[in-house]
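# Close look at the chain arrangement
Below are the chains, spelled out letter by letter.
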Amino acid sequence: MNLKSLLLVGGALLSGTAASAGGFQVTLAGQKNNGMGGVGVGLSLDQAAMFYNPGALAMVRERGVQIGGNVTLARQSFRGQFGSDERTLRNSIVTPFNLYAGFGPEEGKWRLGIAVYTPFGSKLQYASGWEGRYSLTDIDLKSVFVQPTVSYALTDQLSIGGGPVILAYGAVNLQKDISIGNYPDGHVELDGKAETKVGFNAGVFFKPSDKLSLGISYRSHIDAQVKDGTVTITNTPTALASSFAATKFDVTLPLPATTSLGLGVMPNDKLTLGFDVNFVQWSRYKTLDFTFDKNLGTSNQSTSKRYYQDALTFRLGGQYKLTDGLTVRAGGAYDNTPVKDGYVTPETPDADRVSGTLGATYSFGKFGVDLSAQYVSLKKRTQTQNDLLNNGTSLDRVAGTYKTNIVIPGIGFNYNF
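An unreviewed UniProt entry lists the protein under the name Long-chain fatty acid transporter, with Hymenobacter metallilatus given as the organism. Per UniProt, the comment on the protein under Subcellular location (unreviewed entry) is "Cell outer membrane". Looking at the Sequence similarities (unreviewed entry) heading of the UniProt record, one finds this comment for the protein: "Belongs to the OmpP1/FadL family."

Spelled out as structure tokens, the structure:
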């Protein structure tokens, strides 16, 4: 028996299928940016620049605090290759959040800040008895990333910034059924906490004129690790106790590095346009390897092929200031999936995706309310049993067709001082 798959920590680790980026990456880091298709690398909108491009923070004139949250409402269906009924996920709601605080002298060249956000994750709950239950029934990944940030304006047009990115909290819970021959199905649950890990986020921002700005940022990879996680096995026969004796597990998941380029265009004082390209180095994720303290089935080791490929995301958005208090936004994005044909897993039933976004801000004095909404449609993704056999992935995948649509409303509050 081979323990099949797990996706591990990274963003409050939140919803992979409810994300607005490929794989298990989540891009819901700023409420204004969310309404503009997720752009932000070439713009200096607000304190969320700490995530999109730390170099732009020094060009944000206002000091301030902002907090935002989103609700992901996903509908995912699966139909097995061999004539099964359509299966849908049990309803689950997750709430990615972001928090930023930026400080510094009002007319100074530097800014300090602290950011808390959730850039990776997955939560899925499949219907009871579904065809892939021996690969996965439930997965819930949680984490919190913290980023202290410093940004400095070298000139009136050029600024730089960066800071450590700390995986401050991470937790994983994965469950699946076990097929045990003539016996009733057993069940295994893996539960663990991730170790604290540190990477970095850095960027450069250049604004040659009032009508044009450019940015580049780089977020490093982090290897998220769970050690001595708990294995709970239930409903297995006493006669096979030695085959299901595991109580602890270790696993590592590589969270990819991302390089981003951004362009901002401001034709006039009311209109701002942005375009971003993100390059995500998913190709580091080749296998997912578990080690158990004792046997789980026929071995205390489990390896699952991933062989992800690097992927690009294209984002376009804009905002228009209708009145002194009201700004409206719109945008869209196209994400290439890093998951190759024949390697689609139940915990990341990923596909190329198209997103459309809307947003608005109403400001009154030093306070503001930010609203955003996203609709994400993943292309229908089919893999056959022959695909799985050809790739040697038939033991931990299921043949069939996945289709996912997601709605993500969000709200944020900001205070400038």
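What the protein contains, in helices and strands, is 3 helices and 22 strands. Over its C-alpha trace the protein gives a radius of gyration of 22 Å, about what one expects of a compact globule, namely 22 Å for 417 residues. Each principal axis of the C-alpha distribution contributes one length, and for the protein these read about 75 × 40 × 35 Å. Counting all 417 residues of the protein, 54% fall into the buried class. Accessible surface, the protein: about 16500 Å² in total, of which carbon and sulfur atoms supply 57%. When the 38 positive and 33 negative side-chain charges of the protein are each reduced to one mean point, those points stand 1 Å apart.

Bringing the nonpolar core into the picture now. Counting residues in hydrophobic clusters, the biggest one holds 51 residues, and the most contacted among them are Tyr100, Leu190, Val231, Phe249 and Phe292. Core analysis: the next-biggest nonpolar cluster, separate from the first, contains 6 residues, Leu28, Ala351, Leu378 and Ile408 among them.

Right, let's get into the pattern of salt bridges. Throughout the structure, instances matching the rule amount to 8 salt bridges. Here Lys197 and Glu195 are joined by a salt bridge, their closest N and O atoms 4.0 Å apart. Looking at Lys197, the relative accessible area reads 23%, which means it is partly exposed. Under the relative-accessibility criterion, Glu195 is labelled partly exposed at 30%.

Further remarks concern the side chain of Asp276. Looking at the secondary structure, you find Asp276 in strand E15 (residues 271–280). It is Arg315 that comes nearest to the buried, bridge-free Asp276 among opposite-charge side chains, at 5.9 Å. Separated by 3.1 Å, the side chain of Asp276 and the backbone nitrogen of Val41 make a polar contact.

Here we come to the confidence of the model for the protein. Residue-level pLDDT values for the protein average 87, and 92% of them are 70 or greater. Here strand E3 (residues 87–88) stands out as the least confident element of the protein, with mean pLDDT 72; strand E11 (residues 212–219) is the most confident, with 98.

Looking at the largest pocket, its volume works out to about 1100 Å³. In terms of lining, the largest pocket is formed by 37 residues, of which the most central are Ser44, Leu45, Glu62, Thr272 and Gln319. At the level of secondary structure, the elements contributing two or more residues to the lining of the largest pocket comprise strand E10 (197–209), strand E18 (311–321), strand E19 (326–335), strand E20 (353–364) and strand E22 (400–416).

Below, the discussion takes up the packing of aromatic side chains. Counting across every chain of the model gives 16 aromatic pairs. Centre to centre, the rings of Phe78 and Tyr402 are 4.8 Å apart; their planes meet at 50°, and the pair counts as tilted. Here Phe78, found in strand E2 (residues 73–80), pairs with Tyr402, found in strand E22; they are 324 residues apart in sequence, far enough to count as distant. For Phe78, a relative accessible area of 2% corresponds to the buried category. With 4.0 Å between their ring centres and 5° between their planes, Tyr126 and Trp130 make a pair best called stacked. Judged by relative accessible area, Tyr126 falls into the buried class, the value being 3%. Here the aromatic residues Phe103, Tyr362, Phe364, Phe367, Tyr415 and Phe417 are joined through ring pairs into a cluster of three or more.

Turning to the environment of Tyr100, a few remarks are in order. Within the secondary structure, Tyr100 is located in strand E4 (residues 97–103). Assessed through its relative accessible area of 0%, Tyr100 is described here as buried. Linking Tyr100 and Gly203, residues 103 residues apart in sequence, is a C-alpha distance of 17 Å. Excluding anything up to four places from it in sequence, Tyr100 contacts Ala29, Gln47, Ala48, Met50, Phe51, Gly64, Val65, Gln66, Ile114, Ala115 and Tyr117.

All right, on to the pairing of strand E7 (residues 138–153) then. Relative to E7, strand E5 (residues 110–117) is paired through 8 bridges, and the arrangement is antiparallel. Bridged to Gly113 within E7 is Thr149. Connecting the antiparallel pair E7 and strand E8 (residues 158–178) is a turn made up of 4 residues.

Rules of the game
- The numbering scheme is per chain: residues are counted from 1 as the chain's sequence reads.
- With pLDDT at 70 or above as the cut-off, local features in this predicted model cover only qualifying residues; side-chain atom pairs require 80 or more to be listed or tallied, and sums for whole chains, interfaces and linings still use all residues.
- Calculation of side-chain values draws on the structure's entire complement of heavy atoms; hydrogens and water are dropped beforehand.
- UniProt positions are given in the numbering used here, feature names are shortened, and annotations may be inferred rather than shown by experiment.
- Comment: elements are numbered from the N terminus, with helices defined as DSSP H or I runs of at least four residues and strands as E runs of at least two.
- Computation of the radius of gyration draws on C-alpha atoms, with the globule rule given as 2.2 Å multiplied by the number of residues to the power 0.38.
- For every residue, the accessible area obtained with a 1.4 Å probe (protein chains only) is divided by the maximum for its type, and the residue is called buried under 20%, exposed over 50%, and partly exposed between those limits.
- Only the protein chains shown count as covering a residue, and every accessible area follows the Shrake-Rupley method with a 1.4 Å probe.
- For the purpose of charge, His is not counted, nor are the chain termini; Lys and Arg are scored as positive and Asp and Glu as negative.
- Here the site of a charge means atom NZ of a Lys, CZ of an Arg, CG of an Asp or CD of a Glu.
- Definition used in this section: a nonpolar core is a set of buried Ala, Val, Leu, Ile, Met, Phe, Trp, Tyr and Cys residues joined via side-chain atoms within 4.5 Å.
- Any Lys or Arg side-chain nitrogen located within 4 Å of an Asp or Glu carboxyl oxygen qualifies as a salt bridge.
- Side-chain atoms alone can form a polar contact between residues adjacent in sequence; in general such a contact is a pair of N or O atoms within 3.5 Å, and within protein one must be able to donate a hydrogen while the other accepts it.
- Confidence scores labelled pLDDT are given residue by residue by the predictor and lie between 0 and 100.
- Cavity: a set of points on a 1 Å grid over the protein atoms alone where a 1.4 Å probe fits but cannot get out. Pocket: an open set with protein on both sides within 12 Å along at least five of seven lines, its lining residues, like those of a cavity, having an atom within 4 Å of a point.
- Grid points are joined across faces, edges and corners, and a volume is the space filled by probe spheres set on the points.
- Classification of ring pairs uses Phe, Tyr and Trp, with its six-membered ring standing for Trp, and accepts pairs whose centres are within 6.5 Å; under 30 degrees between planes counts as stacked, over 60 as edge-to-face, and the remaining range as tilted.
- Any two residues whose heavy atoms approach within 4.5 Å at even a single point are treated as in contact.
- One bridge is not enough; two strands pair if DSSP finds at least two bridges between them.

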